[in-house]
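Inside the fold
If you want the building blocks of each chain, they are given just below.
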Amino acid sequence: MISKKMEALGIKKSVIREIFEYAKVRKAQIGEENVFDFSIGNPSVPAPEIVTKTLTRLLTETEATSLHGYTSAQGDAGVRAAIADYIQKTYGAPADASLIYLTAGAAAALTIALNAVLADGAEEEVIVFAPFFPEYKVFTEKAGGHLVPVPCSEPDFQVDFAAFEAAITEKTKAVIVNSPNNPTGVVLSEDSIRRLCRILYDAQARYGHEIFLLSDEPYRELVYGNVKVPYLTAYYDNTIVCYSFSKSLSLPGERIGYLLVSPKAQNAQEVYAAVLGAGRALGFVCAPSLFQYMIPDCLGKTSDLTVYKENRALLLEALTRYGYSAASPDGAFYLFVKALEPDACRFCETAKKHELLLVPSDDFGFPGYVRIAYCVKTEQIRRSLPAFQALAAEYQNRRG
Ligand code: PLP
């Protein structure tokens, strides 16, 4: 007998990956330029030059055995010191090298954090704001917790604070925030963060135990205009940051990120010990070493974000003109668009006939919408516009 739970997860792939795989087949059939694949958050702009320069320097100047050898389980001490220093200087927020754990991306950081903070066998609850990144459910349940989705308000997709307060119970152990957000692109304002943290401090006092704020932030640097993304260790003590270089440096396949326990967290040393234990139990020790050593020179650097900005403006303007409605996103590289019929899966099937590959929102815990990942070549956006227009026209004709 094998694990039926794991088998089920393996058979029912993430809907995003399913569409991504379909896109590959379809592109082989009718040509890449004829398929408008908006399925996956794979950055379309190359990594910045500093990444190539740093990697080249490391590969030519460092002794191979030390470059490719194991580091400490939690990552190289010098790299962790550079990250802590960068956070203190950039955000004026608490950070300490001895409480940082380098990971294979935000995904590993999240699973480690959840396994560390959820008490054994207690079936504690993890609140997420819907729509949410679908893997939160998989990670939470594997760590022995229950996911409690709290729908955001429509049409702005901000936190519904009344619903949030109502969802907190004695069993609440963690809240995941993801700003800038996948799939809506929404960035939580400083006011929203302060309000959210006040509610959490009250709840901690009421129930007499800690509630962790897990900040999932692979899109921290991907913001448009003068939008500020508050650094959460400055607002709430029991914070764990799950950061990734996947999107900021266009390196999703290299699997590099980190987890940071706030030095102000209650029993921070014990929490970090649980992080070390979870990393060990999950086999997430020693994140890819070459990419660890790349970090110090690349902190605060990003790929050319102007491409996403242009894509976002182009798409938002055209879709609005064709009659679609979307949350106006301040960050990330997604548009969350209302489907033109109540069943988003059926809508996506219709869109497929126009070679538009969109992701239905059901798995994000918020039915009735589609996610468009606009981290694609601007040329693809331009070529896809007639298809979006024809799709809207098809629904207008149906309504007659
Ligand atoms: N969290 C969110 C909200 C994401 O969108 C993603 C990836 O798309 C991840 C986590 C995982 O990122 P990583 O590639 O760093 O594991």
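Notes on the structure follow. (Residues numbered from 1 in each chain as written. Predicted model: local features only at pLDDT ≥ 70, side-chain atom pairs only at ≥ 80, totals over all residues. Heavy atoms only, no water.)

Structural notes on the overall build of the protein chain
Rules: Numbering of helices and strands starts at the N terminus; helices are DSSP runs of H or I of at least 4 residues and strands are runs of E of at least 2. Radius of gyration means the value over C-alpha atoms here, while the globule rule gives 2.2 Å times the residue count to the 0.38 power. Note on exposure labels: buried denotes an accessible area under 20% of the residue type's maximum, exposed denotes more than 50%, and partly exposed covers the range between, all computed with a 1.4 Å probe on protein chains only. In this analysis, two residues are considered to be in contact whenever any of their non-hydrogen atoms come within 4.5 Å of each other.
Scanning the protein chain for helices and strands turns up 14 helices and 12 strands. Taking 21 Å as the expected radius of gyration for a compact globule of 400 residues, we find that the protein chain reaches 21 Å, a close match to that expectation. Here the C-alpha coordinates of the protein chain stretch approximately 65 × 55 × 55 Å along the principal axes. The buried share of the protein chain, reckoned over its 400 residues, is 54%. A sequence separation of at least 24 residues applies to 76% of the contacts in the protein chain between residues at least 6 apart.

Notes on the sheet that holds strand β4 (residues 146–151)
Definition in use: A pair of strands is treated as paired once DSSP finds two or more bridges between them. As a rule, the C-alpha atoms of each element are fitted with a line to give its axis, helices using only the stretch in contact, and angles between N-to-C directions run from 0 to 180 degrees.
The seven strands lie next to each other as β2-β8-β7-β6-β5-β3-β4, forming an open sheet whose pairing is mixed. Because the sheet does not close on itself, it has two edges, and the strands there are β2 (100–103) and β4. If you compare each strand with its neighbour and ignore which way they point, the axes differ by 20 degrees on average. Sheet analysis places strand β3 (residues 125–130) next to strand β5 (residues 172–177), joined by four bridges and oriented parallel.

As for the packing of aromatic side chains
Note the following rule: Stacked, tilted and edge-to-face are the three classes assigned to paired rings of Phe, Tyr and Trp, where Trp is represented by its six-membered ring and a pair needs centres within 6.5 Å; plane angles under 30 degrees give stacked, over 60 edge-to-face, the rest tilted. Charges are assigned to positions over rings by a cutoff of 6 Å between ring centre and Lys NZ or Arg CZ, combined with an angular limit of 35 degrees from the ring normal.
Under the criterion given, the structure shown has 22 aromatic pairs. On the basis of an interplanar angle of 70 degrees and a centroid distance of 5.7 Å, the ring pair of Phe366 and Tyr369 is categorised as edge-to-face. A relative accessible area of 8% places Phe366 in the buried class. Given the relative accessible area of 5%, Tyr369 is considered buried. An aromatic cluster is present here, built from Phe157, Phe336, Phe366 and Tyr369 joined pairwise through their rings. The lysine or arginine in question, Arg220, covers the ring of Tyr91, its NZ or CZ lying 4.7 Å from the ring centre. Over the aromatic face of Tyr22 sits the side chain of Lys352, whose NZ or CZ is 4.2 Å from the ring centroid.

Quick look at the sheet that holds strand β11 (residues 359–360)
Here we have three strands laid out as an open sheet, ordered β9-β12-β11, and antiparallel in their pairing. Strands with a single pairing partner mark the edges of an open sheet, and in this sheet they are β9 (334–338) and β11. Across five bridges, the pairing between β9 and strand β12 (residues 369–373) is antiparallel. Bridge pairing links Val337 to Val370 in β12. Strands in contact with helix α12 (residues 306–322) are β9 and β12; relative to β9, the strand with the most contacts, it is inclined by about 10 degrees.

With respect to the state of the cysteines
Quick reminder of the rule: To count as a disulfide, a pair of cysteine sulfur atoms needs to be within 2.5 Å.
Inspection of every chain in the model, using the stated rule, returns zero disulfides. Here Cys298 is not cross-linked by a disulfide; its sulfur's nearest cysteine counterpart is in Cys286, at 18 Å. A disulfide-free cysteine, Cys345 has its sulfur positioned 6.6 Å from the sulfur of Cys348, the nearest such atom.

Quick notes on the side chain of Thr350
As a reminder of what qualifies: Within 3.5 Å is the distance limit for a polar contact, defined as a pair of N or O atoms, with the added protein rule that one can donate a hydrogen and the other accept it, and that residues adjacent in sequence qualify only through two side-chain atoms.
Relative to the elements of secondary structure, Thr350 occurs in helix α13 (residues 344–353). A distance of 3.2 Å separates polar atoms of two side chains, one belonging to Thr350 and the other to Tyr395. With residues up to four places along the chain from it excluded, the contact list for Thr350 reads Glu341, Leu391, Glu394, Tyr395 and Arg398.

Thoughts on the pattern of salt bridges
Two side chains of opposite charge can pair, provided their charged atoms sit close to one another. Here is the rule: Salt bridges are defined as contacts in which a side-chain nitrogen from Lys or Arg sits within 4 Å of a carboxyl oxygen from Asp or Glu.
If you walk through the whole model with that rule in mind, you get 20 salt bridges. In this structure, Arg194 and Glu190 form a salt bridge, with 2.9 Å as the shortest nitrogen-oxygen distance. Placement of the pair is Arg194 and Glu190 together in helix α9 (residues 190–207), with a separation of four residues, close to one helical turn. A relative accessible area of 42% places Arg194 in the partly exposed class. What makes Glu190 partly exposed here is its relative accessible area of 29%. Close ionic contact of Lys228 with Glu190 constitutes a salt bridge, the shortest N to O distance being 3.9 Å. Remark: Glu190 occurs in helix α9 and Lys228 occurs in the loop between β6 (212–217) and β7 (239–244); sequence separation between them is 38 residues. The exposure class of Lys228 is exposed, given its relative accessible area of 54%. The structure contains a network of salt bridges with shared partners spanning Glu190, Arg194 and Lys228.

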